[in-house]
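Each chain is listed here by its residues.
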Amino acid sequence: MTGAKRKKKSTLWGKVHAPHREDVKQWWKRRLPILEWAPQYSLKENLLPDTVSGLMLAVQQVTQGLSFAILSSVHPVFGLYGSLFPAIIYAIFGMGRHVATGTFALTSLISANAVERLVPQSSRNLTTQSNSSVLGLSDFELQRIGVAAAVSFLGGVIQMAMFVLQLGSATFLVTEPVISAMTTGAATHVVTSQVKYLLGIKMPYISGPLGFFYIYAYVFENIKSVQLEALLLSLLSIVVLVLVKELNEQFKRKIKVVLPVDLVLIIAASFACYCTNMENTYGLEVVGHIPKGIPPPRAPPMNILNAVLTEAFGVALVGYVASLALAQGSAKKFKYSVDDNQEFLAHGLSNVIPSFFFCIPSAAAMGRTAGLYSTGAKTQVACLISCVFVLIVIYVVGPLLYWLPMCVLASIIVVGLKGMLIQFRDLKKYWNVDKIDWGIWISTYIFTICFAANVGLLFGVVCTIAIVIGRFPRAKTLSITNMKEMEVKVKTEMHDETLQQVKIISINNPLVFLNAKKFNTDLMKIILKEDESSQPLDDISKCEQNTLLNPLSNGNCNEEASQPCPSEKCSLVLDCNGLTFFDYTGVSTLVELYLDCKSRGVDVFLANCTASLIKAMAYCGNLDTERPIFFDSVSAAINIIQANKNLSKVSDHSEV
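Residues numbered from 1 in each chain as written. Predicted model: local features only at pLDDT ≥ 70, side-chain atom pairs only at ≥ 80, totals over all residues. Heavy atoms only, no water.

Caption draft 1: Region of the structure containing the overall build of the chain. For the chain, the helix and strand inventory stands at 26 helices and eight strands. The 656 residues of the chain split such that 54% are buried. Across the chain, contacts joining residues at least 24 apart in sequence account for 83% of those joining residues at least 6 apart. (Helix = DSSP H or I, 4+ residues; strand = E, 2+ residues; numbered from the N terminus. Buried < 20%, exposed > 50% of the residue type's maximum accessible area, 1.4 Å probe, protein only. Contact = heavy atoms within 4.5 Å.)

Caption draft 2: Region of the structure containing the packing of helix α11 (residues 228–250) against helix α12 (residues 261–276). At a minimum axis distance of 10 Å, the contact between α11 and α12 shows a crossing angle of 150 degrees. One element, α11, and the other, α12, form an angle in the roughly antiparallel class. In the packing of α11 onto α12, the handedness of the crossing is right-handed. When α11 is examined against α12, the residues Ser-237, Val-240, Leu-241, Val-244 and Lys-245 are found in contact with a partner set consisting of Val-261, Asp-262 and Leu-265. In terms of residue class, the contact of α11 with α12 is built from five nonpolar, one polar and two charged. (Axes fitted to C-alpha atoms, helices over the stretch in contact; angles between N-to-C directions. Parallel < 35°, antiparallel > 145°, perpendicular 65-115°, else oblique. Left-handed = near helix turned anticlockwise from the far one by under 90°. Nonpolar A, V, L, I, M, F, W, Y, C, P; charged D, E, K, R; others polar.)

Caption draft 3: A look at the environment of Ala-149. Relative to the helices and strands, Ala-149 resides in helix α7 (residues 139–164). The buried category is assigned to Ala-149, whose relative accessible area is 4%. Separated by 202 residues in the primary sequence, Ala-149 and Asn-351 place their C-alpha atoms 8.7 Å from one another. Beyond its immediate stretch of four places on either side in the chain, Ala-149 contacts Pro-300, Ser-355 and Cys-359.

Caption draft 4: Empty space enclosed by the protein, seen in detail. Following the criterion strictly, the structure yields two cavities of 30 Å³ or more and no others. Each pocket or cavity is described by its volume, and for the largest cavity that value is around 40 Å³. Along its surface, the largest cavity is lined by Ile-436, Asp-437, Ile-440, Thr-464, Ile-467, Val-468, Arg-471, Phe-513 and Asp-583. Secondary structure elements with two or more residues in the lining of the largest cavity: α21 (435–450) and α22 (453–471). A per-element tally of the lining of the largest cavity places α22 first, with four residues. Taken together, the residues of the lining of the largest cavity sort by class into five nonpolar, one polar and three charged. Empty space within the second largest cavity amounts to approximately 30 Å³. Contributing elements (two or more residues each) for the lining of the second largest cavity: α24 (584–599) and β6 (603–607). Among the elements that make up the lining of the second largest cavity, the one with the highest residue count is α24 (three residues). (1 Å grid on protein atoms, 1.4 Å probe; cavity = no way out; pocket = protein on both sides within 12 Å on 5 of 7 lines; lining within 4 Å. Points joined across faces, edges and corners; volume = space filled by probe spheres on them.)

Caption draft 5: Quick peek at the confidence of the model for the chain. Here the chain averages 81 in pLDDT, and 82% of its residues register 70 or above. Counted against residues more than four places away or in other chains, residues 647–656, with its pLDDT under 50, gives 35 contacts. (pLDDT = per-residue confidence, 0-100.)

Caption draft 6: Representation of the environment of Ser-588. If you trace the backbone, Ser-588 turns up in helix α24. Under the relative-accessibility criterion, Ser-588 is labelled buried at 19%. Sequence spacing of Ser-588 and Cys-620 is 32 residues, and the spatial spacing of their C-alpha atoms is 6.5 Å.

Caption draft 7: Molecular detail of the pairing of strand β5 (residues 571–575). Counting buried residues along β5, five of its five residues qualify, which places the element largely inside the surrounding structure. Looking at chain direction, β5 and β6 are connected through five bridges and run parallel. Across the sheet, Val-573 pairs through a bridge with Phe-605, a residue of β6. Considered for its hand, the β-α-β crossover made up of β5, α24 and β6 is right-handed. (Pairing = 2+ DSSP bridges. Right-handed = clockwise from strand over helix to strand, strands pointing away.)

Caption draft 8: Highlighting unusual backbone geometry. A positive phi angle, close to 60 degrees, is found at Phe-358, a residue other than glycine. You can see Phe-358 is positioned in the loop between α15 (340–352) and β2 (362–364). For Phe-358, a relative accessible area of 7% corresponds to the buried category. Of note in this structure, Asn-608 is not a glycine but carries a positive phi near 55 degrees. Inspection of the secondary structure puts Asn-608 in the loop between β6 and α25 (611–620).

Caption draft 9: The pattern of salt bridges, seen in detail. Taken as a whole and judged by the stated rule, the model has nine salt bridges. A salt bridge links Asp-522 to Lys-518, with the shortest nitrogen-to-oxygen separation between them at 2.5 Å. Taken together, the residues span about one helical turn, with Asp-522 and Lys-518 both in helix α23 (residues 516–527) at a distance of four residues. Residue Lys-518 is classed as buried on the basis of its relative accessible area of 5%. (Salt bridge = Lys/Arg side-chain N within 4 Å of Asp/Glu carboxyl O.)

Caption draft 10: Layout of a nonpolar patch on the surface. Residues Val-388, Leu-391, Ile-392, Tyr-395, Val-396, Val-397 and Leu-400 make up a contiguous nonpolar surface patch of about 620 Å² in total accessible area. By the secondary structure assignment, Leu-391 is in helix α17 (residues 381–397). (Patch = residues over 30% accessible without salt bridge, like charges linked within 9 Å, V, L, I, M, F, W, Y side chains within 5 Å. Areas by Shrake-Rupley, 256 points an atom, 1.4 Å probe, with all protein chains shown as cover.)

Caption draft 11: Region of the structure containing the packing of aromatic side chains. Summed over all chains, the structure comprises 19 aromatic pairs. Arranged with centres 5.5 Å apart and planes meeting at 15 degrees, the rings of Trp-441 and Tyr-445 form a pair that is stacked. Taken as a pair, Trp-441 and Tyr-445 lie in helix α21 at a separation of four residues, close to a single helical turn. Centre to centre, the rings of Phe-605 and Phe-631 are 5.8 Å apart; their planes meet at 55 degrees, and the pair counts as tilted. Of the two residues, Phe-605 is situated in strand β6 and Phe-631 in strand β7 (residues 630–631); the sequence distance between them amounts to 26 residues. Counting every residue linked through ring pairs, the aromatic cluster contains Phe-78, Tyr-81 and Phe-358. Between Lys-333 and the ring centre of Phe-334, over which it is positioned, the NZ or CZ distance is 5.8 Å. Above the face of the Trp-431 ring, Lys-435 is positioned so that its terminal group lies 4.8 Å from the ring centre. (Phe/Tyr/Trp six-rings, centres within 6.5 Å; stacked < 30°, edge-to-face > 60°. Lys NZ or Arg CZ within 6 Å of the ring centre and 35° of its normal.)

Caption draft 12: Just the packing of helix α14 (residues 309–334) against helix α16 (residues 366–375), in detail. At a closest axis distance of 11 Å, the pairing of α14 and α16 adopts a crossing angle of 15 degrees. Between α14 and α16, the interaxial angle falls into the category roughly parallel. Of the two elements, α14 crosses α16, and the hand of that crossing is right-handed. Only Met-366, Thr-369 and Tyr-373 of α16 make contact with α14, whose side of the interface consists of Leu-326, Gly-329, Ser-330, Lys-333 and Phe-334. In terms of residue class, the contact of α14 with α16 is built from four nonpolar, three polar and one charged.

Caption draft 13: Representation of α16. Taken together, the buried positions of α16 are Arg-368, Thr-369, Gly-371, Leu-372 and Thr-375. The buried side chains of α16 occupy one side of the element, clustering within an arc of 155 degrees when seen end-on. In the core, the buried residues of α16 are packed alongside α3 (43–71), β1 (101–103), α14, β2 and α17. Gly-376 sits one or two positions beyond α16 and adopts a positive phi of about 80 degrees. (Arc of directions from axis to C-beta.)

Caption draft 14: Spatial organisation of the side chain of Thr-369. For Thr-369, the location among the structural elements is in helix α16. Residue Thr-369 is classed as buried on the basis of its relative accessible area, which comes to 1%. The residues touching Thr-369, leaving out its near neighbours within four places in the chain, are His-98, Val-99, Ala-100 and Leu-326.

Right, here's the structure in full:
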């Protein structure tokens, strides 16, 4: 009897704790995404493209590491470390399969403010000139990297705190126009910071409000001190970089491996400078000694954390926003999902842990991510392979870069920011879609130029929220059921028992960045619910489709949304009569929904659309022009469906 009781008790205990163990397993997979994709990695299919992509990425990591370290006002070797450790950490914790984390121009520029403020160039003569035990570097260089590492450490701590507070759900407040304007303005700042190297001018570090204009004022006042050799070499480097990269872009489908022009230029410029002794003959500034190896870890100076708090917040916000935009873009392109909160954790750890290895603040860069796209990378293995090549550079090739001219590195930085600078072309798109978003872009860019990237970002978010709050009172309805669904089933003439399903969904609220994500999620649930169990259509009312009053929801419903679509091709009619106003994010969501449904074999028609909505959708995406998709009324759309599908009569009609 006692044994039976114990057996029964152990069985109950196992039933109670089995789900708990499964939950723990799933939690570890969510927090360590590498555990999800690594066991499924196919060596036969993925290793070769990942290896090629890793090699090309290593070239970018090395060149950008050297460049952005100088941009961060620290010794170039620390940029190589910043290209190594953050990439390893993100490959373990990050969810973006095509996101290359490492040194980043915007975060480097922000950390440079703290470095120049706390360890200015004028203090070089006041520090001990003897070489330290760390790679033979001077105390001055170690003090500078200490400040940059402190910014990285505190910025990572802030990002991890945001992960604990689950603030990833609030990232919808940062709209695409704000991100575009902020990154474009920050890229303009970076180009401005490189003017002194491009022209060979000796000038003091200038920052702060309106520092952008003070730099150009100083340049024009000292225009006679421009070094002609540096200017000509800069122009030649920029022309070569732009020309070869454009040719790579034009012929990337015909050639399997693009020419690593950055690496070729660095080798050629270093060799030419060495042979002609440009450093002594023309006074050309070069990179200088780059020590071999990686020093033992050392904690960042904790006594200066309060002094770098402003820069740390800037690194945390700007780095995360720019990186998340790239991760979401790659997820949308390659059809997988990214957890906003997990990205906070991944980038936080990518800043905290490398700060103990003399690394500057890190984030994902647009150029490196685009490089992974073009070279056919499959997973984060490409980034891990690139780290192997970066290690080879650190231990073998580094000292050979002594003769690399600074103006060439500055040229690589400027050309590398092309992807951000050409975002000026988005202004035409925003003007045609929503002129208010156009105004937000302009004002955010101006604030970024006049102050800093983090100031421009905060201004853009506040401005966007204020404008939407001012526009919402003009909405025609604020009822709880802001999205209504009707399902129409009609019998075809060609097949006696085949039912053609037509879903009619009425949108009775504005579609803006506050509710666009939930609108898309809820709508796709209704259309393409892939659940084996079926339930009556009346049960849809159990899942409240409120896209206005609950914008922070992730769109998940506790009850079944509707019956799944039958195997036959179904159609969707969106009644936009209640869509009182929209912004760029809302229009982008509609276009994305249309293209997604089209790829799944679902015909989408829009009824009662305003002329401004039709024009905005035409500018925002490549819609199907072979057949009409916009109609004056719902009945007109259904008539087209009946004409196209030989439909005869309505057999069922229901409304929620």
